[in-house]
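# Overview (structure and organization)
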Amino acid sequence: MDKDDKNQQGQQGINTKVLKQGLCTGCCACVNLCPSIEYYKDKTILVHDCNLEKGRCFTYCPRTPTDFEMLRCALFNPGDMVLEIGAFKGLYMTRAADENIRAGAQHGGTVTALIQLALDQGFIDEAILADQNDQFLPAAQSIVDKDEVSGKSGSKFAVSPTLSVFNRISKTDTGKIGVVATPCQALALAKMKVNPVPEDKMRMEKLRLVLGLFCGWALDWRKLQKLLKEKTGDRKIKGIDILPSKYACMEVYTMDGTIEIPIEEVNTCVRDNCRYCFDMTCEFADISVGAARSPEGWDVDRGWNQVIVRTDLGGQLLALAREKGVLEFKAVPDKNIENLKKASAGKKLTCLINLSEKTGNPDDFIYIDPEDPVVRHIKKLRG
Amino acid sequence: MSSILFENKKDFEALLMGNDAIARGALEAGVNVVTGYPGTPSSEIVEQLANVAGERNLYVEWSVNEKVALEVAAAGSYANLKSLCVMKQVGVNVAADSLLHIAEYGTRGPLVLVSCEDPGALSSTNEGDSRPYAKMMEFPLLEPGDFQEAKDMARWAFELSCDIRNIVMLRSVTRLSHASGNVIMGKLPKSIPEAIFEFSGTPMDQMKGAVLAFPTLVDSLRRRQHEKLSKAVAAFEESPFNTYTGPQKPELLIITSSVCNLYTREALTILNLWDRVGLLKLGTTWPLPSKLLEQHLSVCEKIFIVEEGTPFLEDNIKVMAAEKAKQVGIKTFFGRKDGTLPCVNELNPDLLIKGINHILGTSVQPVLDDYSAEAAQIIAAGVFNRELTFCPGCPHRASFWLIHTALKLDNRSGFLCGDIGCYGLGAGPCGFSTIKILQAMGSGIGMAGGFGKFDRFGMSQSVMAVCGDSTFFHAAMPALVNAVHNQSDMILVVLDNSGTAMTGFQPHPGSPAGAMGSKLPMLDIEKLCRAMDVRVEVSDPFDLKATRQILLEFLEDKGNPRVLILKQPCALSPIRKGRKMYEMAIDADRCLADHCGCNRLCTRVFKCPGLIWDTIKNKIQIDEVLCAGCGVCASICPTGAITAKKVR
Ligand SMILES: Cc1cc2nc3c(=O)[nH]c(=O)nc-3n(C[C@H](O)[C@H](O)[C@H](O)COP(=O)(O)OP(=O)(O)OC[C@H]3O[C@@H](n4cnc5c(N)ncnc54)[C@H](O)[C@@H]3O)c2cc1C
Ligand code: SF4
Ligand code: SF4
């Protein structure tokens, strides 16, 4: 790190090394730590200049230089490490047993069911979930009442300001907090948890559970809004989903039926920073949930989830869900783990290529250490 | 309300500020109608005369702008009254169109235009020089060279205007208007005016015909105007306000006017050169008294022209010297053009000493070049570094905080077009550097209206403009009308602090009373905007939450102009009576100082002078003396360490 870098580990560093580089994920880990950074309509904004040489915004940001290996060692059992998909205690295929949950959920409703359970069983006292307004602008909310959880089901395809709410809530005298997080958010939470600045130690002890979502990419809300307006006019939209790649489209469910938007057009709305994301399966969560894949085909799979358990806590929660009959389980096809590894490695490789293109240096990945074992593995896979 | 200035005695001496001397001169001339628009360094003249409006039976008004001020004064003249119109240099530009036509036709009752100008731009955004208007529009120009002359020439300007029946301009500058000197007073006349506008005569009957600027009349009007000028020159040739001091055949002839007269005198005394150098001080600077100049030019080869502003005298004298080359011979000229004097900024005796050293080879050391830098350094050691900032409790600080935040959140590289008023400071740190364009009165809104039309050329930035309440009436209204009519995508924020704050709370059309103190109907900015059919919201800039919401909504909105009126009286406004709205206190436990993460937002960014960082306790503190009790800082502290308790 040169001298300039040393002096720019605060807001100025966020500005020059993250925002201006187009790397900001919108995770909002830097929001509500201070009054100078705000989230507004899908954008992280430096409202007032801050000249601190070191700041929490920079320390926790998932796009500032990060020692991934140190985080993995601190949070997971080294024996569980799988280079492509992170700590791994098991892969499951599940869905919510409650039909009503499934009806409102993105896929199998596993996340909703698990959060309800975690609140109910006292794993956590509050859960930070993503909601959205009628224009699909996400808003994060802290939920205490388990009956309110299902109201927040369904994926919001723009980034939710979840961590700004975590920052706000964790400062109050609340109990244990659970967060449903995208991979960038889970990474920021890991940085906060493992290496909090002294003032934040107490606050971070409240972070109990990270329920991760698989993530290919998120959409830029402003661009999405424009596209939806173009395609659906004034029709009322009930929901949207992005189908597996072979369908190559986004489905928009409106009051007058489903409208398909070709994936190439959706791709133009993807947040630029997602091209530089190293994580598909939310490796820094206790438990990660995504869409299911099986030979039965999408019509069946869309009602199920694939779940990776990463920590003991995650394992306990899933076991409890089985015991209480909250989740239904079915056998995971043999090939799924390999497919997941392949898909995840693919995202990592794209990330590294895109980062080195940006820096013009094959070994400079801005926030990722080129000596990281996973990086070395991915480079080796590529040959 | 009587002060020594208005005492109805004669031949007594008093120490008067230049502007007071001009006001006294107008009274001695028997002025009836006084108009103006406030602007430093001119404002005191109208204010002083307003104070005796009742006593001296004057009509005094602060007009909506300088053009209207001149028109009201011209009406006075056409009604056979004695009229005075006062403005600062920039105002003459506003009034210029009417000025051209008044000068072309001429006047009936005397009409004197006083322009107080600001070389060095001490309180202006420019160094405008209005003297060329006199030449361009062909009317006489007077420039008093000391305080006595300020009074005497003001009075004489009315006589001259009466004699030649045309407008006369009297030009002062900051160092005359705002400095003081001894003045011997003349008597105040008894005048019983009878106002009537006559129109029974033929169009060319200046005193009795209709006042018409018709294309077919222009030729005759201009001939008549030139006759007036010739009459003025004849008077100037004899004028006691043009004086010469020095030897009969000087080595160097200095020609000067205005306060440069005083600087030159001081320099010549310091240099002890009165026996070698002659000083021709001109009080009548346009048209030039050619015989007088010929007489002086012919006895000296080296001519040094000393003036502030543009090289107005210099150019005109050079032209004259060329015309009279046969009689006066070849001259060497020194002045602003050849670099003997700097071509911008105010002059002073030191600059003159340097200039004379250069011409005559004398070697008296003026003040050292690095004097001011050195003095600043010495002073800095004992004086706190005070930034240019808004007063404690100034509503503008809150307004700019809000506009800055809204533009940032909007995230489209939006910018704010500024205007002329205290809020021009919005371009600096105390306004969070929000203003990015700042030029003339009303021009911010005009330009915002332009920027708001450029989406077809790919412009995607948000465009906002601010103006004050007085500025709104002065020049913003036509610009807003233009933006509305042309459907420009812009937002106007009117910073309504209930008065013309920067120049001293002169009333404007939105005020409940006029210059003379009597009650007048108040024009409502909100109603005016609504009548233009634009979206209008009114909010309190101290209510950060509500106002922020409106601004963000406005920024999301598209198409036609939107107007937000932010109402909150100036912290110094007389209507506040110095009362605090909130009693401010600190909850020291809540101020987390270096552990907060705010990095001292209160004293580093928001920076109200009422807030001080206690470096010993390392906590925020309220400066009880300075705090105006606006309560805004309580809303910006993220931990609630600053508390506000409502007073009353
Ligand atoms: C931006 C995005 C991209 C995704 N990409 C993929 C992918 O490529 N492959 C894949 O297999 N799965 C992906 N997922 C995950 C998938 O869409 C489902 O969220 C997941 O399968 C869980 O389904 P579920 O029925 O259990 O969820 P539900 O029971 O409906 O619960 C979803 C939970 O996630 C929360 N949530 C929704 N959106 C967000 C958000 N933006 N940020 C934080 N929390 C949120 C909700 O509050 C809710 O609690 C993505 C999710 C998101 C938000
Ligand atoms: S990635 Fe997250 S922490 Fe980093 S700048 Fe963006 S919002 Fe802030
Ligand atoms: S209340 Fe706060 S912002 Fe207002 S004048 Fe006092 S210190 Fe300044």
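Residues numbered from 1 in each chain as written. Chains lettered and ligands numbered in written order. Predicted model: local features only at pLDDT ≥ 70, side-chain atom pairs only at ≥ 80, totals over all residues. Heavy atoms only, no water.

A tally of regular secondary structure across chain A gives 15 helices and 15 strands. Residues counted as buried form 57% of the 383 residues belonging to chain A. Carbon and sulfur atoms make up 49% of the accessible area of chain A, which amounts to about 16,300 Å² in all. Of the charged side chains in chain A, 52 are positive and 52 negative; the average position of the first set lies 2 Å away from that of the second. (Helix = DSSP H or I, 4+ residues; strand = E, 2+ residues; numbered from the N terminus. Buried < 20%, exposed > 50% of the residue type's maximum accessible area, 1.4 Å probe, protein only. Areas by Shrake-Rupley, 256 points an atom, 1.4 Å probe, with all protein chains shown as cover. Lys, Arg positive; Asp, Glu negative; His and termini not counted. Charge placed at Lys NZ, Arg CZ, Asp CG, Glu CD.)

A few words now on the site of ligand 3. Residues in close proximity to ligand 3 total 13 residues, the closest being Cys608, Cys627, Cys630, Gly631 and Cys633 of chain B. Residues of the shell around ligand 3, tallied by class, amount to nine nonpolar, four polar and no charged. (Near = heavy atom within 4 Å. Nonpolar A, V, L, I, M, F, W, Y, C, P; charged D, E, K, R; others polar.)

Moving on, we come to the sheet that holds strand E17 (residues 463-468) of chain B. Residues and elements named next belong to chain B. Spatial strand order, E16-E15-E17-E18-E20-E19: six strands in an open sheet with parallel pairing. What marks the edges here is a single partner per strand, and that holds for strand E16 (435-437) and strand E19 (535-539). The mean inter-strand angle of the sheet, taken between neighbouring strand axes irrespective of direction, is 30°. Where strand E15 (residues 415-417) and E17 come together, three bridges link them in parallel fashion. In the strand pairing of E17, Phe415 is matched with Val463. Running over the sheet, helix H16 (residues 443-451) touches E15, E16, E17 and strand E18 (491-496) and is turned about 165° from E17. Of the strands in this sheet, E17, E18, E19 and strand E20 (562-567) touch helix H19 (residues 544-556), which is tilted by about 165° from E20. (Pairing = 2+ DSSP bridges. Axes fitted to C-alpha atoms, helices over the stretch in contact; angles between N-to-C directions. Contact = heavy atoms within 4.5 Å.)

Attention now goes to the site of ligand 1. All names here are of chain A. Contacts to ligand 1 come from 32 residues, most closely from His107, Gly109, Thr112, Gly154 and Ser155. At 2.5 Å, a side-chain N or O of Thr112 approaches an oxygen atom of ligand 1. A distance of 2.9 Å separates a nitrogen atom of ligand 1 from a polar atom in the backbone of Phe214. Elements with a minimum of two residues in the shell around ligand 1: helix H6 (110-120), strand E6 (126-132) and strand E13 (287-291). (Polar contact = N/O pair within 3.5 Å; in protein donor to acceptor, adjacent residues only side chain to side chain.)

All names here are of chain B. Strand order in the open sheet formed by seven strands is E3-E2-E4-E5-E7-E6-E12, with mixed pairing between adjacent strands. Each edge of the open sheet carries a strand with a single partner, namely strand E3 (59-62) and strand E12 (284-286). Across four bridges, strand E2 (residues 33-36) lies against strand E4 (residues 83-88) in parallel orientation. Across the sheet, residue Val33 finds its bridge partner in E4, namely Ser83. Taken strand by strand, helix H4 (residues 89-105) contacts E4 and strand E5 (111-117), and its axis lies near 140° from that of E4. The strands touched by helix H6 (residues 147-164) within the sheet are E4, E5, strand E6 (141-142), strand E7 (168-173) and E12, with E7 carrying the most contacts at an inclination of about 165°.

Once that is clear, we can look at the domain arrangement of chain B. Segmenting chain B into domains produces domain 1 (4-237), domain 2 (243-360), domain 3 (395-563) and domain 4 (582-646). Computed from C-alpha atoms alone, the centre-to-centre distance between domain 1 of chain B and domain 4 of chain B is 51 Å. (Domains from an automatic or database assignment.)

Let's shift gears to the domain arrangement of chain A. For interface size, the figure often reported is the accessible area lost on association. Residue and element names in this part refer to chain A. The domains assigned to chain A are domain 1 (86-216 + 276-332) and domain 2 (221-269). Placing a centre on the C-alpha atoms of domain 1 and another on those of domain 2 gives a separation of 24 Å. Taken together, the contact between domain 1 and domain 2 spans 10 residues of the former and 13 residues of the latter. In this assembly, domain 1 packs against domain 2 so that about 1,100 Å² is buried in total across both faces, 65% of it on carbon and sulfur atoms. On the domain 1 side of the contact with domain 2, Phe136, Phe157 and Trp298 bury the most area, a combined 52% of that side's loss. At the surface where domain 1 touches domain 2, the tally comes to one salt bridge. For Arg302, the salt bridge identified is with Glu251, shortest N-O distance 3.2 Å. Joining domain 1 to domain 2, the criterion identifies five residue pairs in polar contact (both at pLDDT 80 or more). When the residues that make up the side of domain 1 that touches domain 2 are grouped by side-chain class, the tally is five nonpolar, three polar and two charged. (Buried area = accessible area lost by both parts, 1.4 Å probe. Salt bridge = Lys/Arg side-chain N within 4 Å of Asp/Glu carboxyl O.)

Residues and elements named next belong to chain A. Here helix H10 (residues 221-232) spans 16 Å end to end across 12 residues, near enough to the 16 Å set by a 1.5 Å rise per residue. All of the buried residues along H10 are Trp221, Leu224, Leu227, Leu228 and Thr232. Across the axial projection of H10, the buried residues extend over an arc of 125°, all falling on one side. Those residues of H10 that are exposed and aimed more than 90 degrees away from the buried face are Lys226, Lys229 and Glu230. Against strand E10 (237-242), strand E11 (249-254), strand E12 (257-262) and helix H11 (263-267) lie the buried residues of H10. The N-terminus of H10 is capped by Asp220, whose side-chain oxygen sits 3.0 Å from the backbone nitrogen of Arg222. Backbone geometry just after H10 places Gly233 at a positive phi near 60°. (Expected span 1.5 Å × (residues − 1). Arc of directions from axis to C-beta.)

On to a nonpolar patch on the surface. Nonpolar side chains collect at one region of the surface, where Val367, Leu368 and Tyr371 of chain B lie side by side and expose about 300 Å² of accessible area between them. Judged by relative accessible area, Tyr371 of chain B falls into the exposed class, the value being 51%. (Patch = residues over 30% accessible without salt bridge, like charges linked within 9 Å, V, L, I, M, F, W, Y side chains within 5 Å.)

What follows covers the pairing of E3 of chain B. All names here are of chain B. The sheet contact formed by E2 and E3 spans four bridges and is parallel. Note on E3: the bridge partner recorded for Val34 is Val60. Viewed along the sheet, the connection from E2 through helix H2 (residues 43-51) into E3 turns out right-handed. (Right-handed = clockwise from strand over helix to strand, strands pointing away.)

Right, let's get into the environment of Val31 of chain B. All names here are of chain B. Mapping Val31 onto the fold places it in the loop between helix H1 (18-28) and E2. Considered as a pair, Val31 and Gly145 are 114 residues apart in the sequence and their alpha carbons are 22 Å apart. Ignoring sequence-local partners within four residues, the contact set of Val31 consists of Ala26, Leu58, Lys82, Ser83, Leu84 and Phe158.

Moving on, we come to the environment of Phe197 of chain B. All names here are of chain B. With respect to the secondary-structure elements, Phe197 resides in the loop between strand E8 (180-184) and helix H8 (218-238). The partly exposed category is assigned to Phe197, whose relative accessible area is 40%. In this structure, the C-alpha to C-alpha distance between Phe197 and Leu293, residues 96 residues apart in sequence, is 40 Å. Setting aside chain neighbours within four positions, we find Phe197 in contact with Tyr78, Ala79, Arg108 and Val211.

Where the residue is not glycine, phi is negative for most of them; where a peptide bond is considered, it is trans in most cases. Going from Thr40 of chain B to Pro41 of chain B, the amide bond is cis rather than trans, its omega being 10°. Relative to the elements of secondary structure, Pro41 of chain B occurs in the loop between E2 and H2. In this model, Asp42 of chain A sits at a positive phi of 75°, which is unusual for a non-glycine residue. Here Asp42 of chain A shows up in the loop between strand E1 (37-40) and strand E2 (43-46). By relative accessible area, which is 2% here, Asp42 of chain A ends up buried. Phi is positive for Ser413 of chain B, which is not a glycine, with a value near 50°. The topology assignment puts Ser413 of chain B in the loop between helix H15 (395-410) and E15.

Residue and element names in this part refer to chain B. Residues Phe472 and Val493 are the most contacted members of the largest nonpolar core, which totals 79 residues. Taken domain by domain, the makeup of this core includes at least three residues from each of domain 3 (395-563) and domain 4 (582-646). Among all residues touching Phe472, those that are not within four sequence positions of it are Cys467, Met477, Leu480, Leu492, Val494, Ile525, Leu528 and Cys529. (Core = buried A, V, L, I, M, F, W, Y, C linked by side-chain atoms within 4.5 Å.)

Below, the discussion takes up helix H2 (residues 11-19) of chain A. All of the buried residues along H2 of chain A are Gln11, Gly13, Ile14, Lys17 and Val18 of chain A. Along the axis of H2 of chain A, the buried residues cluster in a sector spanning 150°; they form a single face.

In this complex, chain B contributes 19 residues to the contact, which on the side of chain A involves 19 residues. Contact between chain B and chain A buries roughly 1,600 Å² in total, counting both sides, with carbon and sulfur atoms accounting for 52%. When residues of chain B are sorted by the area they lose upon contact with chain A, Lys408, Leu409 and Asn599 of chain B head the list and together hold 28% of the total. Our enumeration of links across chain B and chain A arrives at two salt bridges. Between Glu556 of chain B and Lys41 of chain A there is a salt bridge, with the nearest N and O atoms lying 2.7 Å from each other. Applying the counting criterion to the chain B and chain A interface returns six residue pairs in polar contact (both at pLDDT 80 or more).

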